[in-house]
Amino acid sequence: MRRCLVFVVALLAVSLPATAQQLAATPPMGWNSWNWFAGKVTDADIRKAADLMVSSGMRDAGYVYVNIDDTWQGKRDANGVLHPNEKFPDMKALADYVHSKGLKIGIYSSPGPQTCAHYEGSLGHEEQDAKMYAEWGIDYLKYDLCSFRKNMQEEHPNDVPAQNKMMIDAYEKMHQAILKTGRPIVYSLCQYGFDQSWQWAPKVGGNLWRTTDDIRAQYGSMMLIALNQAGLSKYAGPGHWNDPDMLEVGNGKLTHEENVTHMTFWAMLAAPLMAGNNLTEMSDDVRSILTNKEVIAIDQDKLGRQGDRLWAGDQIEIWSRPLSDGSVALAIFNVSHDQHNMHGLTLHLKDAGFGSGTAHARDLWSHKDLGVIKDTDVFTIPRHGAVLLKLTK
Ligand code: GLA
């Protein structure tokens, strides 16, 4: 009898569509083509990225989505079927290849007539496109507002609430189209945080939603975005995540310390971790930052409580995040432009839930147990650097 019941439950689990919570129980992790390749990405680049995600250890560290961003689209035929352009000769074969590596594959479109790079969008073809993605074996869709803003403004000139409603309806339309396919597809909303996306995105099926404008591979851009996430923690949780945009770790001229700060902040924010670097030339340093298992464990903590600001001064910010095992992640960011040694500051351990003002600490970047630390202990943090501690009573 019991065995029979287990069988029925198992059968239901495979036949029911995955709920949002099951689909993205922890923040999605992967790699996306945009930050490095932008409009140049090809089928060969995606295959190579998949290979390198396996050989570099990224897949085993949790990065499973290989996402094709903008510029894969060709033209629609007389039946409205959208064909990929010459850079992507066979999407189904590409998806099969990515799947054969134990990875998943993502794609990109827009609710407007055109994408941000002026390729074909999904307006008026939502169901047809979603069905095609499902047939190809797509596991993730990033849906980028782009040209739909113009449609909103033309339809409702000077009426921002009506424009916003039109935007939300457009995201719901694709949500329904995805559900209709019956395939579990992570739904990533990209509309730069307009109309406080965190307030409504989960209601239209968003597993993640951008909270900001585009990130650039510069310390200033990354930190501006990160610090603006203060106050958003209550909107995130298993199945639905704030998205402060994809990682720039390893891109541009970001230094070791800046990459560490970037990764630390995104882990504290329970942010989706979409690497965006050139995997063919990844340095050992960048690889070890992206694959730091202890830091990834903070990002992926199953409680799913996003961190938030605990304390801010001119030169130091302290953020904390409660974890599922009762411990707390504490990050100290040096937001000044010089090395900083915290003299005269406290760690705010009491505010982080350690009433005694002491805690056991593990340093997740040096992988060292620090023993018992006190509120008044001093950490020396390099320029643009960060410290990430796991605290237990
Ligand atoms: C927007 C998005 C980016 C990227 C580009 C592609 O700017 O925010 O992440 O997808 O479009 O054109």
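Above this note sits the structure.
A quick note: this is a predicted structure, and the numbers were derived from the prediction, not measured.

Engineer: What exactly am I supposed to notice about the sheet that holds strand β14 (residues 358-363) here?
Structural biologist: Strand pairing in a sheet takes place through backbone hydrogen bonds and is either antiparallel or parallel in direction. Reading across the sheet, the six strands line up as β11-β12-β13-β16-β14-β15 and stay open at both edges, with antiparallel pairing between neighbours. Looking at strand neighbours, the two that pair on one side only are β11 (308-312) and β15 (368-374), the edges of this open sheet. Strand-to-strand twist in this sheet, taken as the mean axis angle between neighbours without regard to direction, amounts to 30 degrees. Pairing geometry for strand β12 (residues 316-322) and strand β13 (residues 328-334), over seven bridges, is antiparallel. Looking at the pairing, P322 lines up with V328 of β13. Helix α11 (residues 219-227) contacts β11, β12 and β13 of the sheet and is inclined by roughly 50 degrees relative to β12. Packed on one face of the sheet, helix α12 (residues 256-268) meets β12, β13 and β16 (386-392) and runs near 145 degrees to β13.

Engineer: Explain the state of the cysteines here, please?
Structural biologist: Put plainly, a disulfide is one covalent bond tying together the sulfur atoms of two cysteines. This structure, assessed with the given rule, holds one disulfide. The disulfide bridge from C116 ends at C146, spanning 1.9 Å between sulfur atoms. Between C116 and C146 the sulfur-sulfur dihedral comes to about -90 degrees; the bridge is accordingly left-handed. Residue C116 is located in the loop between β5 (104-109) and α7 (126-136), and its partner C146 is located in the loop between β6 (140-144) and α8 (148-155); the two are separated by 30 residues in the primary sequence. When its relative accessible area of 11% is taken as the criterion, C146 is described as buried. With no disulfide of its own, C190 has C116 as its nearest cysteine by sulfur position, at a separation of 6.5 Å.

Engineer: Sorry, what's going on with the nonpolar core here?
Structural biologist: General note: in soluble globular proteins, nonpolar side chains tend to be found buried as a group. The biggest cluster of nonpolar side chains holds 92 residues, and the ones touching the most others in it are Y63, W72, M263, W266 and L290. The leading source of residues in this core is helix α9 (residues 160-181), at seven residues. Lining this core are residues from two domains, each supplying at least three of them: domain 1 (5-16 + 307-392) and domain 2 (29-299). Not counting chain neighbours up to four residues away, the residues in contact with W266 comprise I215, M222, I225, A226, P244, D245, L247, A271, P272, L273 and D299. Grouped together as the second largest cluster of nonpolar side chains are 18 residues, F354, A359, F379 and L389 included.

Parameters and conventions
Residues numbered from 1 in each chain as written. Predicted model: local features only at pLDDT ≥ 70, side-chain atom pairs only at ≥ 80, totals over all residues. Heavy atoms only, no water. Pairing = 2+ DSSP bridges. Helix = DSSP H or I, 4+ residues; strand = E, 2+ residues; numbered from the N terminus. Axes fitted to C-alpha atoms, helices over the stretch in contact; angles between N-to-C directions. Contact = heavy atoms within 4.5 Å. Disulfide = S-S within 2.5 Å. Buried < 20%, exposed > 50% of the residue type's maximum accessible area, 1.4 Å probe, protein only. Core = buried A, V, L, I, M, F, W, Y, C linked by side-chain atoms within 4.5 Å. Domains from an automatic or database assignment.

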